[in-house]
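Here is how the chains run, residue by residue.
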Amino acid sequence: MRRIATTVVISFMALSLQAEIITKDRINESNIDKLAGSLYQYEAPTAPLTPAPKGFKPFYLTHFGRHGSRFLDNASNYDRPYNILKEADEAGKLTEFGKDVLRRVAIIRDEAMDRAGDLTPKGMQQHRDIAQRMVENYPQLFTRDKTIVARSTTSHRVLVSEYSALMQIIRMRPYIKLDYNSSNYDEPYMYTEDKAVSSHKRKASAAVSEFNKRHTHPERLMSVLFNDPEYITNASGRDQSGTLYSALYDLAANAQGSDPGVDLNDVFTYDEWYDLFLMNNMRWYSQGGNTPLTDNVVQYGHCATLQNFIDCADAAIAGNNVGANLRYGHEVTLMSFFSLLDLNDSGYSTDDLEDVANHWAAYNIAHMGGNVQWIFFRDRKGNVIVRFLLNEEEATLPDSVPFYTDARGREHRPFYNWTDVRKFYMDKIEFWEEYKASNP
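Below, the structure is looked at part by part. Worth saying up front: this structure is predicted, and the values here are computed from it rather than measured. (Residues numbered from 1 in each chain as written. Predicted model: local features only at pLDDT ≥ 70, side-chain atom pairs only at ≥ 80, totals over all residues. Heavy atoms only, no water.)

**Looking at the side chain of Ser38**
Put simply, the rule reads: Comment: elements are numbered from the N terminus, with helices defined as DSSP H or I runs of at least four residues and strands as E runs of at least two. Identification of polar contacts relies on pairs of N or O atoms within 3.5 Å, with a donor-acceptor requirement for protein atoms, meaning one able to donate a hydrogen and the other able to accept it, and with residues adjacent in sequence counted only if both atoms are side-chain atoms. By definition, residues are in contact when any of their heavy atoms lie within 4.5 Å.
Mapping Ser38 onto the fold places it in the loop between α1 (2-16) and β1 (57-66). Side chain to side chain, Ser38 and Trp284 meet in a polar contact 3.2 Å long. If we skip the residues at most four places from it in the chain, Ser38 touches Arg66, Asn280, Trp284, Met335, Ala362, Ala366, His367 and Met368.

**Side note on the packing of aromatic side chains**
Spelled out, the test is: Aromatic rings from Phe, Tyr and Trp, with only the six-membered ring used for Trp, were paired whenever their centres fell within 6.5 Å, and each pair was classed as stacked if the ring planes differed by under 30 degrees, edge-to-face if by over 60, and tilted otherwise. To sort residues, take the accessible area from a 1.4 Å probe on protein chains only and compare it with the maximum for the residue type: under 20% means buried, over 50% means exposed, and anything in between is partly exposed. Look at NZ for Lys and CZ for Arg. If either is within 6 Å of the ring centre and within 35 degrees of the ring normal, a charge sits over the ring.
Applying the stated rule across the entire model yields 27 aromatic pairs. Residues Phe424 and Tyr425 carry aromatic rings whose centres are separated by 5.0 Å and whose planes lie at 55° to one another, so their mutual orientation is tilted. With relative accessibility at 16%, the residue Phe424 sits in the buried group. Taken together, a centroid distance of 5.6 Å and an interplanar angle of 15° make the contact between Trp432 and Tyr435 stacked. On the criterion of helical spacing, the pair formed by Trp432 and Tyr435 is a turn pair, its members being three residues apart in helix α15 (residues 418-438). Judged on exposure class, the residue Trp432 and its partner Tyr435 are both buried. Positioned above the aromatic ring of Tyr175 is the side chain of Arg144, whose terminal nitrogen or guanidinium carbon lies 4.2 Å from the ring centre. It is Arg327 that lies over the ring of Phe309; its NZ or CZ is 4.0 Å from the centre.

**Here we look at the environment of Ile108**
Tracing the backbone shows Ile108 in helix α3 (residues 96-112). In this structure Ile108 comes out as buried when scored by relative accessible area, which is 4%. Apart from the residues lying within four places of it in its own chain, the contact partners of Ile108 are Tyr78, Leu251, Ala255, Pro260, Val262 and Leu264.

**Re a negative patch on the surface**
We apply this condition: A residue counts toward a patch only above 30% relative accessible area and without a salt bridge, and it is joined to like-charged neighbours within 9 Å or, for Val, Leu, Ile, Met, Phe, Trp and Tyr, to nonpolar neighbours within 5 Å. Every accessible area reported is derived by Shrake-Rupley at a probe size of 1.4 Å, with residue values counting cover from the shown protein chains alone. Between Lys or Arg on one side and Asp or Glu on the other, a salt bridge is scored when a side-chain nitrogen of the former is within 4 Å of a carboxyl oxygen of the latter. Charge convention: Lys and Arg are scored as positive, Asp and Glu as negative, and His as well as the terminal groups of each chain are ignored. Throughout, a charge is located at the NZ atom of Lys, the CZ atom of Arg, the CG atom of Asp or the CD atom of Glu.
Taken together, the side chains of Glu29, Asp33, Glu43 and Asp263 define an acidic patch exposed on the protein surface. Inspection of the secondary structure puts Asp263 in the loop between α11 (241-254) and α12 (270-288). Overall, Asp263 belongs to the partly exposed group, its relative accessible area being 38%.

**Digging into unusual backbone geometry**
Omega for the bond connecting Arg413 with Pro414 falls within 30 degrees of zero, at 0°, which places this linkage in the cis form. Structurally, Pro414 can be placed in the loop between β9 (411-412) and β10 (415-417). A positive phi is found at Asp295, a non-glycine position, where the angle reads about 65°. Non-glycine residue Asp342 carries a positive phi angle of around 60°. On the secondary structure map, Asp342 appears in the loop between α14 (331-341) and β5 (371-378).

**So, the pairing of strand β2 (residues 147-152)**
Where we set the bar: Two strands make a pair as long as DSSP finds a minimum of two bridges between them. If you view a crossover with the strands going away from you and the path from the first strand over the helix to the second runs clockwise, you call it right-handed.
In terms of burial, β2 is largely enclosed, as five of its six residues are buried. Here six bridges tie β2 to strand β3 (residues 177-182), and the two strands are oriented parallel to one another. In the strand pairing of β3, Val149 is matched with Asp179. At this point the chain moves from β2, through helix α5 (residues 156-172), to the parallel β3, and the crossover so formed is right-handed. Where β2 lies against strand β4 (residues 322-329), six bridges are found, and the strand directions are parallel.

**Comments concerning the nonpolar core**
The condition is simple: Throughout, nonpolar core names a set of buried Ala, Val, Leu, Ile, Met, Phe, Trp, Tyr and Cys residues whose side chains join them through atoms within 4.5 Å.
Of all hydrophobic cores here, the largest spans 108 residues; its most connected members are Phe226, Leu248, Phe268, Trp374, Phe388 and Tyr425. The element best represented in this core is α12, accounting for nine residues. Look past the residues within four positions of Trp374 in its chain and what remains in contact with it is Tyr60, Leu61, Thr62, Leu306, Phe309, Leu341, Val386, Arg387, Phe388, Trp418 and Tyr425.

**Some remarks on helix α13 (residues 303-318)**
Let me state the cut-off plainly: Take the number of residues in a helix, subtract one, and multiply by 1.5 Å to get its expected span.
Along its 16 residues, α13 runs 22 Å from first to last C-alpha, staying within 8% of the 22 Å computed at 1.5 Å per residue. Against β1, α6 (187-190), β4, α14, β5 and α15 lie the buried residues of α13. Looking at the residues trailing α13, positive phi occurs at Gly319, about 105°.

**Considering the pairing of β1**
In terms of burial, β1 is a largely internal element, nine of the ten residues being buried. Taken together, the eight bridges between β1 and β5 define a ladder with antiparallel strand orientation. Note that in β5 the partner of Pro58 across the bridge is Phe377. Pairing of β1 with β4 involves six bridges; the strand directions are parallel.

**Overview of the pattern of salt bridges**
The final tally for this structure, using the stated rule, is 25 salt bridges. Put simply, Arg26 and Glu20 hold a salt bridge, and the shortest N to O gap is 3.2 Å. When its relative accessible area of 33% is taken as the criterion, Glu20 is described as partly exposed. Across the pair Asp186 and Arg151 runs a salt bridge whose closest N-O atoms are separated by 3.7 Å. Pair noted here: Asp186 is in the loop between β3 and α6 and Arg151 is in strand β2, with a separation of 35 residues, a long-range link. Asp186 sits in the buried class, given a relative accessible area of 6%. Accessibility expressed as a relative area gives 15% for Arg151, which makes it buried. Overlapping salt bridges bring together Asp100, Arg103, Arg104 and Asp266 as one network.

**Comments concerning α3**
Spanning 17 residues, α3 covers 25 Å between terminal C-alpha atoms, matching the ideal 24 Å at 1.5 Å per step. Within the span of α3, buried status applies to Gly98, Val101, Leu102, Arg104, Val105, Ala106, Ile108, Arg109, Glu111 and Ala112. In this fold, the buried residues of α3 make contact with α2 (76-90), α9 (219-225) and α11. Note on α3: the residue one or two positions beyond its end, Asp114, has a positive phi of about 65°.

Following this line, the structure appears as C-alpha cells:
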C-alpha cells in the first residue's frame, strides 16, 4: 500500500510542476488576464516548495528577472486608439458602446501620460515581493558573511525593478553587503543577442504574417463601436480597423499592470481574446522559441547568459562568499533564454504554429516580472544539487537529465546533481560554438 501511495504522490507532484495551459474552450473570467501573454502581470506562487533532501543546505541562488509591470513603452500606444475613437466621436460615428470605450481609453491614457515605459507601482511591488520571498525561503544566503551581487540593463524600468528588490532586501537585512550596478559593460550577457541568429529569425516572418492574418478578425468589434460600418475602413483614406483592433488589445492586456480604475476586458469576445493572445504569443515564439521555422537555433542567441550563470555558479561553489547573483533585464532575453533552458518543456519545438500555444505560452514564461532562479544546496561531503524555479514555481528539465538519487537509490524530485546540469547546459553551449564554426 505504501508503494502505491508513493506513486500517486510522485505523479501528482510531476503534474503540479507543469503550469496551466489555457485552451479556447477553458477561457473564463478567472483566467482571461493570462491572455495578455507577455503583458500578463506577475502573480505570487501558490505551491509550497519541496524540502531539500536530508543533509543538504542552501548556499547560493542565481537569478534572471524581467522588469515588473510597466506602462506601454510608447505614448503612441495610448494616443493611436484614443485619437481614432475621438475623431470618430467628433464625426458622430460612435455607438453608445463606442463612446463608453472611448471614455475608458481616455482614463487609461491619462493615467499613463508622460509615463510611457515606466515601471508601475505594481511592478515595483512585484519585485519587492519576489525579493522578500527569496530572503524568507533562503535566509542562509542573506547573512553578514555573504555578498549579494546585482546587475541590470540601463533601462529605467529595469533599474527601478532592481532597486525595488534591493531595497526590500536591505529592509529585511540592513547589514547585508551589496555589489550592484547598471552598465553597458554587462550587456553581452544581460541583453545582447548573438548576431549569428539574426538571419535565422527572419526566416519565420512569412509564416508568422500568414498566421496573424488567419487570427485577425476585427469586423465584429468595429460593428459595435461604429454606427457607420464603412467609417473605420475609409477613415483617413485607409482601413484602420486592424490597427484599432490590436491597439485596443494592448491597452486591455496591459491595464492589469496598473490601477486606472477601469478595464477593457468586455471589448473583446473570448474568441477574440484568444486570437489576439495567439498573435502576441507567436511573436515571441517565432523570435525566441525552438522551432524548425528558424532552424531550431534562435534560443542559442543568449548562450552568453547561460555561460554567465554557469561561471557564477562555479565561483560560488568554489567559495567566493556570494549568496546570490541577481540579474534584471527584458523579455527579449528571457523568452529565448527559457527556450534554451528547456524548463517545463519551454524548449518545445514545432513548425505547426496553430499548436504552439497548447505547449508554449508567454503567460507561463516571461510575462511582467517573470524570472528564473537556480538554488544550490550542498551536504557535508561537498555534494552539490540544484533546484529550478520558473516564476518561483518548481520546474523540471527534460527526462534526459536524471533527478538526484541518494545513496539508498531514492529519487528526489525536483532536485538535480549539479554535475549533470552543468554538462547538459555546457553541451548546448558547445553545440552552438561548433554550429557557428561550421556555418559562418
